[in-house]
Amino acid sequence: MRDTSDIKDMRDALMAAIIDLAKVHPEVVLLDSDLASCLNAPVFAKEFPTRFFNCGIAEANMVGVAAGLSSMGFVPYAHSFGCFSSRRAYDQFFLSANYAGQHVHLIGTDPGVTAQINGGTHMPFEDVGMMRLIPDLIIIDPSDTQSLYDLTMQAYETGRCTYTRTRRKGGTHRYAPGQVKLGKGNILADGKDIAIVATDEVIVNEAVKAVEMLAQKGIKATLVDITTIKPLDTDLLEKVSGETGHVLVCENARYAGGLGEAVAAHLAKTCPAKMDFICVDERFGEVGKLDYLMKVFHLTAEDIAAKAEALARR
Amino acid sequence: MLDKQIIESLAAKAKDIRISTIREIAHLGNGHIGGSMSIVEVLTYLYYHEMNIDPSNPKMEGRDRFVCSKGHAGPAVYATLADKGYFPKDWLMTLNVGGTNLPSHCDMRKTPGIDFTTGSLGQGISAAVGIALGQRLKGESSYTYAIIGDGESQEGQIWEAAEFASSRKLGNLIVFTDFNRQQLDGFTSEIINMDNLDTRWLGFGWHVQRINGHDYNQIAEAIENAKAVKCRPSMIILDTIKSKGYAPGEGIKANHSMPISHENEEYAISVLNGGAK
């Protein structure tokens with residue numbers, strides 16, 4: 001177990017986890033599609049030169065090769081930007097990896113607005129929905145370096161396919177080692193008026209600020225950090241829904257197929273609440289810096305607080 | 001040159017496999033007969049003469065591996081695996097029946113002896129590349145064999161796999177193209193021209209041979225040549241006849257997946273047994 005409080009960028013927490021796994025498990029290999037330097041994968045390649053493969057700008061083949069390596073007993077980690085890991089290699093990840101029962105860990109970096117100045121072409125809001133459609137796939141959306149590190153280590157042990165979405169540069173320190181468990185949410189604030197369920201580092205950061213803003217208005221909010229989108233921590237969701245009766249789900253992704261839809265569908269069956277959503281509706285991405293994009297897609301702490309207040313008063 | 005006895009024995013196996021494949025598909029009433037029948041010689045050569053495999057231990061470490069990237073040729077692969085003893089022959093009559101272990105397209109989770117799941121065209125070759133890479137990483141002297149279709153070669157993923165395999169110098173990868181000049185909707189010449197496959201593979205850095213895919217001597221020689229090339233993957237383009245040995249399907253346009261009546265089943269088998277066409 002490693003403490004990541006000295007790691008600045010999310011990508012380095014991810015690389016630290018993959019390297020720590022590779023040190024113990026000789027079957028761990030890393031594949032990239034000409035974005036290795038973006039992930040700092042050369043650090044891995046330097047330590048394990050025979051276990052790193054740059055597959056070139058060919059994401060579909062990369063995932064297929066990863067699946068073939070898995071059938072030989074290797075445990076491949078394969079990386080591209082989230083837009084390409086999902087959209088360009090979807091059929092390969094669906095069939096050659098998941099349907100075929102292989103053990104492939106797919107990484108999609110810079111999800112949603114964190115794609116920033118790469119712009120709309122590179123801005124995956126839909127990757128969560130696409131990945132949620134794959135049976136039994138584990139989907140990780142960490143909220144800090146420690147959750148990214150710990151969940152990567154825990155996901156290895158499942159022997160299942162995973163999809164991890166995380167930004168590369170920049171990072172947050174929120175958890176101590178061991179605090180985050182795969183498939184479990186974490187309660188970051190406790191209040192009886194409304195439950196804010198948030199996922200993704202940049203969104204959870206905004207949600208934390210929103211909870212303080214709501215407190216100043218006398219609204220006490222529970223904040224749940226969902227670092228595993230699938231399988232969902234349904235017990236915790238039912239609990240906070242039952243306790244507050246108001247649930248606001250916040251994510252850096254489309255509503256269609258996203259966490260909000262997943263939570264709404266589950267609570268509709270089990271413990272209905274009044275709900276609202278902070279997410280991206282019928283829109284494509286666009287270019288800009290993070291603070292600009294957070295504003296235009298209505299993902300800021302102010303947006304969260306405003307929707308939460310209106311919802312709590314419903 | 002192969003011994004006459006070996007060729008006769010392989011040819012007898014090919015006939016058995018063709019009859020089993022026709023029976024499998026006819027039992028259900030329709031299926032992918034065309035592309036199953038065209039690969040029977042290469043299948044029988046690999047399974048009865050070439051590959052280091054053990055049907056009593058389908059997952060044997062260090063074995064040679066086979067990926068049927070044109071996954072719809074499952075019926076011919078199943079007939080071969082059943083004859084080799086990977087599973088009981090009566091399974092063949094369950095092809096595509098609900099709950100079967102023999103689905104239309106090859107499935108490694110269901111069928112003993114299937115080394116990789118295929119069906120979405122273009123994907124099997126990437127898996128085969130990964131397997132060949134894995135064999136090399138493990139220090140094995142084993143080979144990976146794969147069959148792709150000529151129609152399948154219209155998929156971009158084939159060429160992504162091609163450039164990666166040659167860049168990694170995967171000399172332990174031997175891929176066959178079943179060049180039967182037909183695809184589901186008709187002749188390749190009418191849809192996408194595949195005539196220059198040889199030069200395409202050469203351009204992608206592969207060792208390329210082109211042979212008669214129904215001639216055991218040529219298959220044997222081509223595999224021997226391929227194995228002698230250590231630093232390049234090998235493409236062996238097989239000139240074949242789609243539906244070869246299922247007489248009612250030979251030479252017609254719609255032979256990719258077709259109904260097989262009891263009369264045509266018996267007629268085709270009588271032709272295989274030496275009866276008049």
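Residues numbered from 1 in each chain as written. Chains lettered and ligands numbered in written order. Predicted model: local features only at pLDDT ≥ 70, side-chain atom pairs only at ≥ 80, totals over all residues.

Caption draft 1: Main features of the environment of B:Lys4. Residue and element names in this part refer to chain B. Topologically, Lys4 is positioned in helix H1 (residues 4–28). Lys4 gets classed as exposed once you count the C-beta atoms within 10 Å, which come to 8. Between the C-alpha atoms of Lys4 and Asn217, which are 213 residues apart in sequence, the distance is 9.8 Å. (Helix = DSSP H or I, 4+ residues; strand = E, 2+ residues; numbered from the N terminus. Buried ≥ 20, exposed ≤ 12 C-beta atoms within 10 Å, placed from the backbone.)

Caption draft 2: Summary view of the domain arrangement of chain A. Residue and element names in this part refer to chain A. Domain annotation of chain A identifies domain 1 (10–166) and domain 2 (186–312). Centre-to-centre, using C-alpha coordinates, domain 1 lies 26 Å away from domain 2. Across the boundary between the two partners, domain 1 contributes 27 residues, which contact 30 residues of domain 2. Secondary structure elements with two or more residues in the side of domain 1 that touches domain 2: helix H7 (127–132), strand E5 (138–140) and helix H8 (145–158). (Domains from an automatic or database assignment. Contact = placed C-beta atoms within 7 Å.)

Caption draft 3: Layout of the confidence of the model for chain B. Averaged over all residues, the pLDDT of chain B is 97; the fraction at 70 or higher stands at 100%. Prediction confidence for the complex, expressed as pTM and ipTM, is 0.97 and 0.97 respectively. (pLDDT = per-residue confidence, 0-100.)

Caption draft 4: A look at the sheet that holds strand E2 (residues 65–68) of chain B. Residues and elements named next belong to chain B. Spatially, 5 strands are ordered E2-E3-E4-E8-E7 in an open sheet, and the strand pairing comes out parallel. Only two strands of the sheet have a single neighbouring strand rather than two, namely E2 and strand E7 (207–212). When the angles between neighbouring strand axes are averaged without regard to direction, this sheet yields 20°. Strand contacts of helix H5 (residues 123–137): E2, strand E3 (144–149) and strand E4 (173–179), with the helix running at about 170° to E3, the strand carrying the most contacts. (Pairing = 2+ DSSP bridges. Axes fitted to C-alpha atoms, helices over the stretch in contact; angles between N-to-C directions.)

Caption draft 5: Geometry of the nonpolar core. If you look at the biggest cluster of nonpolar residues, it comprises 184 residues, and the most contacted ones within it are A:Val63, A:Ile196, A:Ala207, A:Ala308 and B:Val129. Both domain 1 (10–166) and domain 2 (186–312) of chain A contribute no fewer than three residues apiece to this core. Excluding anything up to four places from it in sequence, A:Val63 contacts A:Ala78, A:Ala89, A:Gln92, A:Phe93, A:Ser96, A:Ala97, A:Val104 and A:Leu106. (Core = buried A, V, L, I, M, F, W, Y, C linked by C-beta atoms within 7 Å.)

Caption draft 6: Local environment of the interface of chain A and chain B. Opposite the 22 residues of chain A that make contact, chain B presents 23 residues. Elements that contribute at least two residues to the side of chain A that touches chain B include exactly helix H4 (59–71) and helix H6 (90–99) of chain A. Its residues placed into classes, the side of chain A that touches chain B shows 12 nonpolar, 9 polar and 1 charged. (Nonpolar A, V, L, I, M, F, W, Y, C, P; charged D, E, K, R; others polar.)

Caption draft 7: Broad picture of the pairing of strand E3 (residues 75–81) of chain A. Residues and elements named next belong to chain A. Within E3, 7 of the 7 residues are buried, which leaves the element mostly enclosed by the surrounding structure. One ladder, built from 5 bridges, connects strand E1 (residues 28–32) with E3; its direction is parallel. From the neighbouring strand, Val29 faces E3, where its bridge partner is Pro76. Bridge analysis of E3 against strand E4 (residues 105–109) gives 5 bridges, and the strand direction is parallel. Opposite His79, over in E4, you have Ile107 as the bridge partner.

Caption draft 8: Representation of the environment of A:Arg254. All names here are of chain A. Structurally, Arg254 is set in strand E11 (residues 246–254). Residue class for Arg254 comes out buried when judged on the 22 C-beta atoms lying within 10 Å of it. Separated by 60 residues in sequence, Arg254 and Arg314 place their C-alpha atoms 24 Å apart. Beyond its immediate stretch of four places on either side in the chain, Arg254 contacts Phe125, Glu126, Gly129, Cys279 and Val280.

Caption draft 9: Layout of H8(A). Residues and elements named next belong to chain A. With 14 residues, H8 should cover 20 Å at 1.5 Å per step; its first-to-last C-alpha distance of 21 Å lies within 8% of that length. Within H8, 10 of the 14 residues are buried, which leaves the element mostly enclosed by the surrounding structure. The set of residues buried in H8 consists of Thr145, Gln146, Ser147, Leu148, Tyr149, Asp150, Leu151, Thr152, Ala155 and Tyr156. Of the surrounding secondary structure, the elements contacted by the buried residues of H8 are helix H1 (10–24), E3, E4, E5, strand E6 (162–166) and strand E10 (228–230). Gly159 lies just past H8 and shows a positive phi near 70°. (Expected span 1.5 Å × (residues − 1).)

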